[in-house]
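# Geometric and topological summary
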Amino acid sequence: MSGTVYLVGGGPGDLDLLTCKAYRLIKEADCIVYDRLIDPKILEKAKENCECIYVGKENHNHSMKQEDINQLLVEKAYIYKTVVRLKGGDVYVFGRGGEEALYLREHQILFEIVPGISSAIAGLSYAGIPITHRGIAGGFHVVTAHNKSDELAEIDFHAMAKSEDTCVFLMGLTKLTEIVSHLIEAGKAGDTEIAVIANATLPTQQVLTSTLAHVIGEFEQHPLSSPALIVVGRVVALRDRLNFQEEKPLFGVKILLSKVGHTASAIGERLQALGALVCEVQTGLLQENREALDSIVYEEYTHIIVTSKNAVHYFMNSLHKNKIDVRTLHAITFVAIGPATRACLEEYGIYHAIAPQIYHQDALLACLQEQLQPNHHILFPKVAPLNEEGMALEQALEKICPVKVVALYENIPVEKSELKKQIEQYASIPLTKEMLVYTCSSSVRRSIEIVRQVQEISCAQIFSIGDKTSETLRTYGVDAIIQSRHATLDSLFDTIKEQAEYTQKRKA
């Protein structure tokens, strides 16, 4: 008995344009067979033990022949319950999905088609070009520009030349000269609008607009790279008024965002929504100390201090593991370092936690000094090893009342070779506007020198979440720092957005 092969359209490039069903199947898949134009971040959604197999194809460079891909799908269907064949764009729009589906049917393998958003539609939309528009284009032609011999495909250029419909050529960048000359020879006017769209829907998107008579000369002066779309028709003229993607405040900006742990950060998604290309560089791994709180007698404590959302999650996990009723904590006062940590406590039903008005450990100490008495007892579950600020907080509190610090989890540095690989990948992205965003001191200490080895950072805008992170940056000779008003991710996001909007207005 075989499993099921899902032929899934991965969309045009932008991860947000993945369909809900595709997203669900990717998370459930036992095996994913994926193409070249799939965003690597999509694979991060797969479960940990999922087998991911690359079968991408480039011009004259196929990692696997189509016949071998077909056979691979059959083989994996007999091994796994759920196999996802992940293809760029839509499965049936020049994706050879029909061939794969027929092969699966011939071999009696269950399959299902999950359509994706084609770049022929979405790519134009993100460039500000509607594929149809009332009174301008009542229909469209979508064709592939080359055949299996890598020659210009058999296209009815005469029909295209006579029609007012929009003409879209996929995979046609190397055939641009031939396409233009055939359209003009077929009778298309030289002043007909044309657009070439490279890296459609992505922050690296580039668009060249011209006319059939002039596009080749302009393309030679401003060449674009594949993958690219070619659009011919009067709808191209609407781009000036309908272009929205390139007007976002962070469009064309690449951001190196430090993070600790595997989970994608909420701020990264918000920055991407503003048009940025965000590379989240993992500087540390989080490892839970499962036995840390096993012997704790909670009735002995009057206060519990938590200085991060991770501390809250690991603390509550420990209660669950040890089958401790949360009502045991009813007489304990919780102290959070800031609103995000307090909100995390509230997710577990713990309300009214104390939090300082300013969100760092010095402010937390000042807040506690007003609250604590010598007869109080503090439980301080925290990351290990304690940094200088944590040690200073512990020492200051011990002068007031007894404190028990528990190493609840560890922040383990990522291997330098792996960190360098991540940073080199960021540096290779061909965008000149860039930002470095640091959310903690440990990420600065682990990565700033490697960043300097890989690239020149003098032209980058450098953002810091707060005082402690800024102090660490200065110890490495970084003085041009834009610091968040408050030491929270929300405030850091607002600071980056305001800076980008200010820069955008100055250029306008």
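Residues numbered from 1 in each chain as written. Predicted model: local features only at pLDDT ≥ 70, side-chain atom pairs only at ≥ 80, totals over all residues. Heavy atoms only, no water.

## Let's talk about the overall build of the protein
- If you tally the helices and strands in the protein, you get 18 helices and 21 strands.
- Dimensions of the protein, computed from the C-alpha atoms along their principal axes, are close to 90 × 65 × 45 Å.
- Here the contacts in the protein between residues at least 6 apart in sequence split such that 70% fall between residues at least 24 apart.
- Total accessible area computed for the protein in this model is approximately 25300 Å², and 50% of it derives from carbon and sulfur atoms.
- Put simply, the protein has 50 plus and 63 minus side-chain charges, and the middle of one group is 2 Å from the middle of the other. (Helix = DSSP H or I, 4+ residues; strand = E, 2+ residues; numbered from the N terminus. Contact = heavy atoms within 4.5 Å. Areas by Shrake-Rupley, 256 points an atom, 1.4 Å probe, with all protein chains shown as cover. Lys, Arg positive; Asp, Glu negative; His and termini not counted. Charge placed at Lys NZ, Arg CZ, Asp CG, Glu CD.)

## Some thoughts on the pairing of strand 6 (residues 82-87)
- Where burial is concerned, most of strand 6 is hidden: 6 out of the 6 residues are buried.
- Residues Thr 82, Val 84 and Leu 86 line one face of strand 6 and the alternating positions Val 83, Arg 85 and Lys 87 line the opposite face, and both faces are buried.
- As judged from the 6 bridges shared by strand 1 (residues 4-9) and strand 6, these two strands associate in the parallel manner. Looking across to strand 6, one finds that Tyr 6 is bridged to Val 84.
- Both strand 2 (residues 31-34) and strand 6 contribute to a ladder of 4 bridges, which runs parallel. What sits directly across from Ile 32, in strand 6, is Val 84. (Buried < 20%, exposed > 50% of the residue type's maximum accessible area, 1.4 Å probe, protein only. Pairing = 2+ DSSP bridges.)

## Some details on the pairing of strand 19 (residues 433-438)
- Most of strand 19 is tucked away, with 5 of its 6 residues classed as buried.
- Summarising the sheet, strand 13 (residues 253-260) and strand 19 pair through 5 bridges and their orientation is parallel. Bridge pairing in strand 19 places Ile 255 opposite Met 435.
- Sheet analysis places strand 19 next to strand 20 (residues 461-464), joined by 4 bridges and oriented parallel. Residue Val 437 lies in a different strand from strand 20, and its bridge partner there is Phe 463.
- Handedness of the crossover joining strand 19 and strand 20 through helix 16 (residues 441-454): right-handed. (Right-handed = clockwise from strand over helix to strand, strands pointing away.)

## Structural notes on the packing of aromatic side chains
- Counted by the stated rule, this structure contains 6 aromatic pairs.
- Measuring from centroid to centroid gives 5.5 Å for Tyr 34 and Tyr 54, while their planes differ by 55°, and the two rings are tilted. Taken as a pair, Tyr 34 in strand 2 and Tyr 54 in strand 3 (residues 51-54) lie far apart in primary sequence, 20 residues in all.
- Accessibility expressed as a relative area gives 17% for Tyr 34, which makes it buried.
- Residue Tyr 54 is classed as partly exposed on the basis of its relative accessible area of 37%.
- Between the aromatic rings of Phe 315 and Phe 334, the centroid separation amounts to 6.0 Å while the plane-to-plane angle is 75°, which identifies the pairing as edge-to-face. With a gap of 19 residues between them, Phe 315 in helix 11 (residues 309-321) and Phe 334 in strand 16 (residues 333-336) connect regions that are remote in the sequence. (Phe/Tyr/Trp six-rings, centres within 6.5 Å; stacked < 30°, edge-to-face > 60°.)

## As for the side chain of Lys 87
- Tracing the backbone through its elements, the reader meets Lys 87 in strand 6.
- Apart from residues no more than four positions distant in its own chain, Lys 87 is found in contact with Val 8, Gly 9, Gly 10, Gly 11, Asp 35, Ile 38, Gly 95, Arg 96, Gly 97 and Glu 100.

## Concerning the environment of Leu 473
- Secondary-structure assignment places Leu 473 in helix 17 (residues 467-475).
- Since its relative accessible area comes to 0%, Leu 473 is described here as buried.
- Linking Leu 473 and Arg 445, residues 28 residues apart in sequence, is a C-alpha distance of 8.1 Å.
- Excluding residues within four positions of it along the chain, Leu 473 makes contact with Tyr 438, Val 444, Ile 448, Ile 462, Ser 464, Val 478 and Ile 481.

## A closer look at the sheet that holds strand 11 (residues 206-211)
- With mixed pairing, 5 strands are arranged side by side in an open sheet as 8-9-12-10-11. Edge positions in the sheet fall to strand 8 (140-144) and strand 11, since each has one partner strand and no second. Going across the sheet, the axis of each strand differs from the next one's by a mean of 15°, ignoring polarity.
- As defined by bridge partners, strand 10 (residues 193-198) adjoins strand 12 (residues 228-232) across 5 bridges and the pair is classed as antiparallel. Opposite Ala 198, over in strand 12, you have Ala 228 as the bridge partner.
- The sheet strands contacting helix 5 (residues 119-126) are strand 8, strand 9 (166-170), strand 10 and strand 12, and the helix crosses strand 9 at an angle near 110°. (Axes fitted to C-alpha atoms, helices over the stretch in contact; angles between N-to-C directions.)

## A look at the pattern of salt bridges
- Here the structure, examined in full by the defined rule, presents 16 salt bridges.
- Here Asp 35 makes a salt bridge to Arg 85, at a shortest N to O gap of 2.9 Å. Note that Asp 35 is positioned in the loop between strand 2 and helix 2 (40-43) and Arg 85 in strand 6, a separation of 50 residues in sequence. Residue Asp 35 shares its accessibility class with Arg 85, and that shared class is buried.
- Asp 490 is the partner of Arg 270 in a salt bridge, and the nearest nitrogen-oxygen pair spans 2.8 Å. Of the two residues, Arg 270 is situated in helix 10 (residues 266-273) and Asp 490 in helix 18 (residues 489-507); the sequence distance between them amounts to 220 residues.
- On the basis of relative accessible area, Arg 270 is assigned to the partly exposed category, the value being 32%.
- Each of Asp 35, Arg 85, Lys 87 and Glu 100 takes part in a single network of salt bridges with overlapping partners. (Salt bridge = Lys/Arg side-chain N within 4 Å of Asp/Glu carboxyl O.)

## Side note on the environment of Gln 245
- Note on placement: Gln 245 falls in the loop between helix 9 (239-242) and strand 13.
- What makes Gln 245 buried here is its relative accessible area of 4%.
- Placed 59 residues apart in sequence, Gln 245 and Ala 186 show a C-alpha to C-alpha distance of 34 Å.
- Excluding its chain neighbours within four sequence positions, the residues that come into contact with Gln 245 are Tyr 126, Thr 201, Leu 202, Gln 205 and Phe 251.
- Within the structure, Gln 245 has its side chain in polar contact with the side chain of Lys 248 (distance 3.1 Å). (Polar contact = N/O pair within 3.5 Å; in protein donor to acceptor, adjacent residues only side chain to side chain.)

## With respect to the side chain of Gln 455
- Mapped onto the elements, Gln 455 comes out in the loop between helix 16 and strand 20.
- Separated by 2.7 Å, the side chains of Gln 455 and Glu 434 make a polar contact.
- Apart from residues no more than four positions distant in its own chain, Gln 455 is found in contact with Tyr 426, Ala 427 and Glu 434.

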